[in-house]
Every structure is written in C-alpha cells, then in structure tokens.
Amino acid sequence: LSYLGARIDTFPKGSRLLRAGEQVEEVGLVLAGSAHYQEDIWGNRNILSKTGPGQTFADVFACAPGAVLNV
C-alpha cells in the first residue's frame, strides 16, 4: 500500500470528508466506524448511503478523471 501512497487518517464523528462539487482524486477505505453520504445537491441532509469497515467510498469518482462529486 505504501507504493500507492496509502495513508491512514482519523476523522472526528460528524466531519465532512467530501463536499458536493469537489473533484475527487483518492479512494477512501473505511477501517473502523462508518461513513455516511448525507447531502444531496440542494444541500438537504439525508442519509443516502452508509459505508462500513472494509468498504470503499468515492472510488467511482476517483477513477473517472474530471468527474465531480454530486452527492
């Protein structure tokens, strides 16, 4: 994983990892806890998806050059 530039980050509960409209260049992997996709393109907060340990997030956007996050 070090060859790929992998790193471990810790985020406090309630942190925003990604924002709508951002260009994504990295794939996230949840090691512990969970990540929720909460905000739609209008700024409404609803749990749209939940990602838990062993699951990835933002992978589709990171692998598509120029793709913009619209969650």
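What counts and how
Residues numbered from 1 in each chain as written. Predicted model: local features only at pLDDT ≥ 70, side-chain atom pairs only at ≥ 80, totals over all residues. Heavy atoms only, no water. pLDDT = per-residue confidence, 0-100. Helix = DSSP H or I, 4+ residues; strand = E, 2+ residues; numbered from the N terminus. Buried < 20%, exposed > 50% of the residue type's maximum accessible area, 1.4 Å probe, protein only. Polar contact = N/O pair within 3.5 Å; in protein donor to acceptor, adjacent residues only side chain to side chain. Salt bridge = Lys/Arg side-chain N within 4 Å of Asp/Glu carboxyl O.

1. Digging into the confidence of the model for the protein
- Mean pLDDT over the protein stands at 76; residues scoring 70 or higher make up 66%.
- Across the protein, the element-wise mean pLDDT spans from 68 in helix H1 (residues 59–62) up to 84 in strand E1 (residues 28–29).

2. Some points on the environment of glutamate 26
- Within the element layout of this structure, glutamate 26 appears in the segment before E1.
- Among the residues examined, glutamate 26 registers a relative accessible area of 45% and is labelled partly exposed.
- A polar atom in the side chain of glutamate 26 sits 2.8 Å from the side chain of arginine 7.

3. Observations concerning the pattern of salt bridges
- A full pass over the atoms with the stated rule returns two salt bridges.
- In this structure, aspartate 9 and arginine 7 form a salt bridge, with 3.0 Å as the shortest nitrogen-oxygen distance.
- Under the relative-accessibility criterion, aspartate 9 is labelled partly exposed at 40%.
- Glutamate 26 is the salt-bridge partner of arginine 7, the closest N and O atoms lying 2.8 Å from each other. Here arginine 7 is found in the segment before E1, whereas its partner glutamate 26 is found in the segment before E1, with 19 residues between them in sequence.
- Members of the salt-bridge network, linked through shared partners, are Arg7, Asp9 and Glu26.

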